[in-house]
Amino acid sequence: MAQKELLSHIDTQRIPKHVAIIMDGNGRWAKKQGFLRIFGHRQGVDTVRNVVETAAELGVKYLTLYAFSTENWNRPRTEVNALMQLLVDSIKKETPRLMQNGIRMETIGNMEQLPAGCNQTLRETVEATKDNDRMTLILALSYSGRWDIIEAVRKIAARVQSGNLEPENIGEEDLNAALNTAKYPNPDLLIRTSGEQRISNFLLWEIAYSEIHFTQVLWPDFSTEDFYKAIIDYQSRERRFGKTGEQIRQVI
Ligand code: IPE
Ligand code: IPE
Ligand code: MG
């Protein structure tokens, strides 16, 4: 289906507020055409730009992109270095466009593990874009769901130790508030490209009730049409949150 026709199938009143994406398949995309893996990552940056702008145009308010996981540090040194360089170059290059498009950029993850220069560039863009309010782009870098949960548990344990919190009073809200994602609503829609059907330590706590869309498309090939298809798929689901379908459809 053509882009325009797909767009006409999207209900603009039911756009997911928060979309999270596991951007996977850059390496396979490159290998398929006989290139080094890093070319796939480079091509993936173009996809990021397009998806960010498409999401903002549709009215998505939060877009979280899994760009580098805790486990990705275990890749060959050359790939890790190339990815960090690509990150710095891309952020620098794209900042004016984020400004033009009213997009605020923030990060989640263990930023201290990133090279100092990388961290500095990210901080500058976060600062420069902080007053933009059309959409918030959240980059997950050196991030994993388990890492964040452990960090949160440490914060809660410290509150208990200092006598400010009773263990029996610990609730969901305490964990929500202690996570890197405290400021954001939970993702409504989680997309993973490249055909893998797993979470790979992404937002473990936050995706409890997210709708999940898997696509075979490799990240560098993920187009505006593919993003529209994910939204259409999301809008075809009935989100029940543990209730019955009758309860959800009933207007009480
Ligand atoms: C996703 O693409 C990008 C990162 C994890 C940084 P991959 O690099 O995982 O690509 P594949 O899965 O090997 O094809
Ligand atoms: C998940 O992709 C992490 C990111 C997209 C940043 P991976 O390629 O690292 O995941 P696995 O290893 O296939 O589970
Ligand atoms: Mg992968």
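Residues numbered from 1 in each chain as written. Chains lettered and ligands numbered in written order. Predicted model: local features only at pLDDT ≥ 70, side-chain atom pairs only at ≥ 80, totals over all residues. Heavy atoms only, no water.

S.K.: Honestly, the nonpolar core in this entry has me stumped. Any pointers?
M.R.: The nonpolar side chains of soluble globular proteins are, as a tendency, buried together. Ranked by size, the top nonpolar core spans 42 residues in total, and within it Ile21, Leu63, Leu122, Leu137 and Phe227 carry the most contacts. When residues in this core are grouped by element, the largest group, seven residues, is from helix H4 (residues 77-100). By size, the runner-up hydrophobic cluster in this structure holds 14 residues, among which are Tyr62, Ile108, Tyr143 and Trp147. (Core = buried A, V, L, I, M, F, W, Y, C linked by side-chain atoms within 4.5 Å. Buried < 20%, exposed > 50% of the residue type's maximum accessible area, 1.4 Å probe, protein only. Helix = DSSP H or I, 4+ residues; strand = E, 2+ residues; numbered from the N terminus.)

S.K.: What is the right way to read the sheet that holds strand E5 (residues 189-192) from this model?
M.R.: The six strands are arranged E3-E4-E2-E1-E5-E6 in an open sheet whose pairing can be described as parallel. Only two strands of the sheet have a single partner each, and these edge strands are strand E3 (103-108) and strand E6 (211-214). Shown here is a sheet whose adjacent strand axes are inclined to one another by a mean of 20 degrees, direction ignored. Pairing of strand E2 (residues 62-69) with strand E4 (residues 135-143), which is carried by seven bridges, proceeds in the parallel orientation. Along E4, the bridge assignment pairs Phe68 with Leu141. Its contacts with the sheet put helix H3 (residues 37-58) on strand E1 (18-22), E2, E3 and E4, and the angle it makes with E2 is roughly 160 degrees. Where helix H8 (residues 224-235) meets the sheet, it contacts E1, E5 and E6, and its direction lies at approximately 135 degrees from that of E5. (Pairing = 2+ DSSP bridges. Axes fitted to C-alpha atoms, helices over the stretch in contact; angles between N-to-C directions. Contact = heavy atoms within 4.5 Å.)

S.K.: I tried to follow the packing of aromatic side chains on my own but got confused; where do I start?
M.R.: Ring pairs (aromatic) are described by centroid distance and by the angle formed between their planes. Taken as a whole and judged by the stated rule, the model has nine aromatic pairs. Aromatic side chains Phe35 and Phe39 sit 5.6 Å apart centroid to centroid with 50 degrees between the ring planes, which places their arrangement in the tilted category. Here Phe35 falls in the partly exposed class, since its relative accessible area comes to 39%. Here the aromatic residues Tyr66, Tyr143, Trp147 and Phe202 are joined through ring pairs into a cluster of three or more. (Phe/Tyr/Trp six-rings, centres within 6.5 Å; stacked < 30°, edge-to-face > 60°.)

S.K.: I would appreciate a short explanation of unusual backbone geometry in the present structure.
M.R.: Note: most peptide bonds trans; most residues except glycine with negative phi. Even without being glycine, Ser194 reaches a positive phi, approximately 85 degrees. Within the secondary structure, Ser194 is located in the loop between E5 and E6. Even without a glycine there, the phi angle at Phe241 is positive, about 50 degrees. Secondary-structure assignment places Phe241 in the loop between H8 and helix H9 (245-249).

These figures capture arrangement, not role.
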